[in-house]
Amino acid sequence: MVAGPIRREAPRLARQKRHAPPHLRTSHLVAPRHVDCAKPTGFITNLHHEACAFLKALTKRTSHYALTVSLIIVTLLSSNRLAVAAISSNETDQQAQHRTPQQQQQHSCGLYLAPSTIPGAGLGMFNGRSSKSLWEPIGPADLVIPVTDYSEHNSVQSHNDDEDEQAYIMNYYGWNIPSFAHLQHDANVDDTVAFCPGPGAALNCLMGLVNTVALDEEVSFKTYTNQHSSTPPHAGSFTPFSNRQLVSKVNNIEPGAELFDDYGEAYFRVKERPAYHSIPVTSDYSDADSLLEEYESLRKQVCGDGLCHEPMRAADPITTVSSPTSSLHSSLYQLMNSLKSTWPSPVLNALPENPETVDQLTAQGTAMRDYHRSIRSIAWLEEHGDCMDKIRIDESRIPNAGNGAFATTFIAKGDIVGPAPALHIPRDFMQMYSVEFDENEQEYNVNAMTNDGPTHQQLLLNYCFGHDRSSLLLCPYGAATQAINHDASAPNAKVVWNYKLMQRPEWLNLPLPEWTHHMSAGLVLSYVATRDIQADEEITIDYGRDWQKAWDEHVRHFEPPVDRADYLDALALNEQELELQVAPFRYSDKYVQLRCRGMYLRWNTGTVTDHEDIDDDDNEEETPFSYATETDKKTFSCRPLHRYASNNSSDTLYVVQVYARYGEDGQCFETNLEVVFGMPRDALVFEDRMYSRDHAQPWSFRHSIGIPDEIMLEAWLDLDAEVKR
């Protein structure tokens, strides 16, 4: 029996994650593009030289649309008659600047999920009980789940990854994989993203206040296949990538401060996200600093007699304006600042809202504009948020289960183990089509135009909740909650709706077509303890009858692949440090390949095999343990021709042939690039071929976690009862 519609009405909260706030919407006004200070006309007659200089600076550093009102501003500077201008401040959390010692007391929670301080950004992550120093770890490490060739696989259904709502999880919550250790050889890097279902998905970005960084290059790779004589049934059913640790990027993160990651400037400037184009990035804050300095210089020139800080008379001589905020300075600045409500300039949006903070931010920089607002009291976070650091990720104590989640503290029955916002995805987004190994090209290709139908599912499916009568998948993210494993007999936790943090509760009553087009997380789940859980105890839930049945069938019918009977992945081969065989033997395997490290090739030959230029400006001190150039990080196709002993040590050296393959007229050709002498064993490394790892194989287990019937909504049941998976 599934739950019926929820009748309780809850207030609709702010607009969803990473959507541009309303004051950044565009308009279509036209204004002159150029100001000539030498030929004053119209509005700018008799202007001060400094006023005209400021006008030119404003025009240069912001949209040309700002010019018309800029002319009005400098005219007002030349006139001592000004009507009252209303001052509005966006500093909505003034109490953050006046917190009492009691409000600042340490709390048992070190990480919170709560409404973001960025207007319209949904939920955010906040520092908890204590300050964080530079490079100090923040929260539990993250898993990394590759979503492979998602646009290729979805192109079979005519889906476009830039326009179709199905791909929003990749475009808005995924990370490019070149910076991740071990993922570069997993699949096509141009069409594969890393979904990090912890801080990697929960963090917002405010470029002026970025205070965290994830150590992508420290991501670990571990496969359990090498521990078995043949491929086991669980191989490929969970991600082998983990340990993406978030750390502090600044010297001090205050208690209660919201945590921000750096999405990169390109995230806000791509044409597919026009609403983001007015959000300031790093370069915009620099321009805003210069603009503020220009404004301050002009203000001092005009207001040298203190006029700007004295009460003014309005145009009506009878009316006296006695409020300090209605001074010429305040009114002038507010009028300039009001441009952002009409013209979408990221530089103007970097300026402070309150004229009283201009002096301070001129000294500190406009990037600090929202600093005080970004800090919440611990009491506020306790009331409006949930704790995220009650669990950690470690190797599961359940056999063949990969990683698991473990309690870091005592969790009482009924308490929240961890909150988990849920991304909604159509089930068919997970479908994958045939991937074939091309013997001529010696690489795997996605055959997306196959007529055979789907051959597999994305690994992400195993981390999402689904129901056999619904086309909806809910893919949660949180801190370590994604590692919670299955226990049908004695689970110690369950999944419920989190109404406290729910951003779009009205979705619970609506049919899927009426809300699934929204491209942000509006629903929130919670893992709740069903009994007292002791510290260091593993957290488990019941994945449901359908999941258990699918797993039992998979184990019963699983036959280890014959061609992987002696399979060792590249990690295992490199750990063995094998003495390499030489020509005429060739290392030609559909799963692994032998490569030469780029840094050794350059040291031995002074050239690069793919003919890319090397920048030697920073190469004064080269060591085998550091990369002088980006090319040093690359590897190149090679084969050992000869092996001999070094004259100066007991090391074995190799003569290697570096080569390249290329295709022409349906045939594969090989060309020799160079022969390199004196290569140490460390210069040659095994790499996994793309699509060769266990989780990329079509026999690896896939099934969504079951949404419990007691929280499943009737309005979401859009499939016949016979439709499975």
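Refer to the structure above for everything that follows.
Described in the following lines is the structure provided in the data block. (Residues numbered from 1 in each chain as written. Predicted model: local features only at pLDDT ≥ 70, side-chain atom pairs only at ≥ 80, totals over all residues. Heavy atoms only, no water.)

1. Structural notes on the overall build of the protein
And then number 1: Within the protein one finds 13 helices and 31 strands.
And then number 2: Split into buried and exposed, the 725 residues of the protein put 51% on the buried side.
And then number 3: Of all intrachain contacts in the protein linking residues separated by at least 6 positions in sequence, the fraction that spans at least 24 positions is 77%.
And then number 4: In the form shown here, the protein has an accessible surface area of approximately 33400 Å², with 49% of it arising from carbon and sulfur atoms. (Helix = DSSP H or I, 4+ residues; strand = E, 2+ residues; numbered from the N terminus. Buried < 20%, exposed > 50% of the residue type's maximum accessible area, 1.4 Å probe, protein only. Contact = heavy atoms within 4.5 Å. Areas by Shrake-Rupley, 256 points an atom, 1.4 Å probe, with all protein chains shown as cover.)

2. Brief notes about a nonpolar patch on the surface
And then number 1: On the surface, Leu134, Trp135 and Leu215 cluster together into a nonpolar patch covering about 280 Å² of accessible area.
And then number 2: Checked against the element boundaries, tryptophan 135 lands in the loop between β2 (123-127) and β3 (142-147). (Patch = residues over 30% accessible without salt bridge, like charges linked within 9 Å, V, L, I, M, F, W, Y side chains within 5 Å. Salt bridge = Lys/Arg side-chain N within 4 Å of Asp/Glu carboxyl O.)

3. Considering helix α11 (residues 545-557)
Every α-helical turn comprises 3.6 residues, leaving residues that sit three or four positions apart pointing alike.
And then number 1: In this model, α11 (13 residues) spans 18 Å end to end at C-alpha, consistent with the 18 Å of a helix rising 1.5 Å per residue.
And then number 2: Buried residues along α11 sit against β22 (485-486) and β31 (705-706). (Expected span 1.5 Å × (residues − 1).)

4. Side note on the pairing of strand β24 (residues 523-529)
And then number 1: β24 sits mainly inside the fold: 7 of its 7 residues count as buried.
And then number 2: The side-chain alternation of β24 yields two buried faces, one formed by Leu523, Leu525, Tyr527 and Ala529 and the other by Val524, Ser526 and Val528.
And then number 3: For strand β15 (residues 416-426) and β24, the ladder comprises 6 bridges, and the chain directions are antiparallel. Bridged to proline 419 within β24 is serine 526.
And then number 4: Across 5 bridges, the pairing between strand β23 (residues 493-497) and β24 is antiparallel. Opposite tryptophan 497, over in β24, you have leucine 525 as the bridge partner. (Pairing = 2+ DSSP bridges.)

5. Section: the sheet that holds β15
Within a sheet, adjacent strands bond to each other through the backbone by hydrogen bonds, running parallel or antiparallel.
And then number 1: Ordered by their spatial adjacency, 6 strands build an open sheet running β23-β24-β15-β21-β20-β31, and the pairing between neighbours is mixed. Since the sheet does not close on itself, it has two edges, and those belong to β23 and β31, each with one partner.
And then number 2: By the bridge criterion, 2 bridges tie strand β20 (residues 465-466) to β31 in an arrangement that is parallel. Pairing of phenylalanine 465 across the sheet is with isoleucine 705, part of β31.

6. Details of the nonpolar core
And then number 1: With 117 residues, the main nonpolar core has Leu460, Trp497 and Trp716 as its most contacted residues.
And then number 2: Beyond its immediate stretch of four places on either side in the chain, leucine 460 contacts Ile145, Val147, Ile169, Met170, Phe195, Ile425 and Met430.
And then number 3: Core analysis: the second largest hydrophobic core is formed by 19 residues, Leu580, Val592, Tyr600 and Leu684 among them. (Core = buried A, V, L, I, M, F, W, Y, C linked by side-chain atoms within 4.5 Å.)

7. Focus on the pairing of strand β1 (residues 111-115)
And then number 1: Of all 5 residues in β1, 4 are buried, a share of seventy percent or more.
And then number 2: Of the pairings in the sheet, the one linking β1 to β2 comprises 5 bridges and is antiparallel in character. Considered in β2, the bridge of alanine 114 is made with glycine 124.
And then number 3: Bridging between β1 and strand β12 (residues 386-387) involves 2 bridges; their strand directions are antiparallel. Along β12, the bridge assignment pairs leucine 113 with aspartate 386.

8. Some points on the sheet that holds strand β4 (residues 174-176)
And then number 1: Pairing is antiparallel in the open sheet, where 5 strands are placed in the order β4-β5-β3-β8-β7. A single partner strand is all that each edge strand has here, and the edge strands are β4 and β7 (220-221).
And then number 2: Summarising the sheet, β7 and strand β8 (residues 241-244) pair through 2 bridges and their orientation is antiparallel. Across the sheet, phenylalanine 221 pairs through a bridge with phenylalanine 241, a residue of β8.

9. Observations concerning the state of the cysteines
And then number 1: One pass over the full model with this rule turns up 3 disulfides.
And then number 2: Each sulfur in the disulfide pair cysteine 109 and cysteine 387 lies 2.2 Å from the other. Here the S-S torsion is close to 105°, and the disulfide linking cysteine 109 with cysteine 387 is therefore right-handed. On the criterion of sequence distance, the pair formed by cysteine 109 in the loop between α2 (67-77) and β1 and cysteine 387 in strand β12 is long-range, its members being 278 residues apart.
And then number 3: On the basis of relative accessible area, cysteine 109 is assigned to the buried category, the value being 2%.
And then number 4: Residue pairing for cysteine 464: its cysteine sulfur links by disulfide to cysteine 475, the two sulfurs lying 2.0 Å apart. (Disulfide = S-S within 2.5 Å.)

10. Thoughts on the packing of aromatic side chains
And then number 1: The final tally for this structure, using the stated rule, is 18 aromatic pairs.
And then number 2: By the ring-pair criterion, three or more aromatic residues cluster together here, those being Tyr172, Trp175, Tyr263, Tyr267, Phe268 and Tyr276.
And then number 3: Of note, arginine 244 hangs over the ring of tryptophan 175, and the distance from its end group to the ring centre comes to 5.0 Å.
And then number 4: Arginine 564 extends its terminal NZ or CZ atom over the ring of tyrosine 567, reaching a point 3.9 Å from the ring centre. (Phe/Tyr/Trp six-rings, centres within 6.5 Å; stacked < 30°, edge-to-face > 60°. Lys NZ or Arg CZ within 6 Å of the ring centre and 35° of its normal.)

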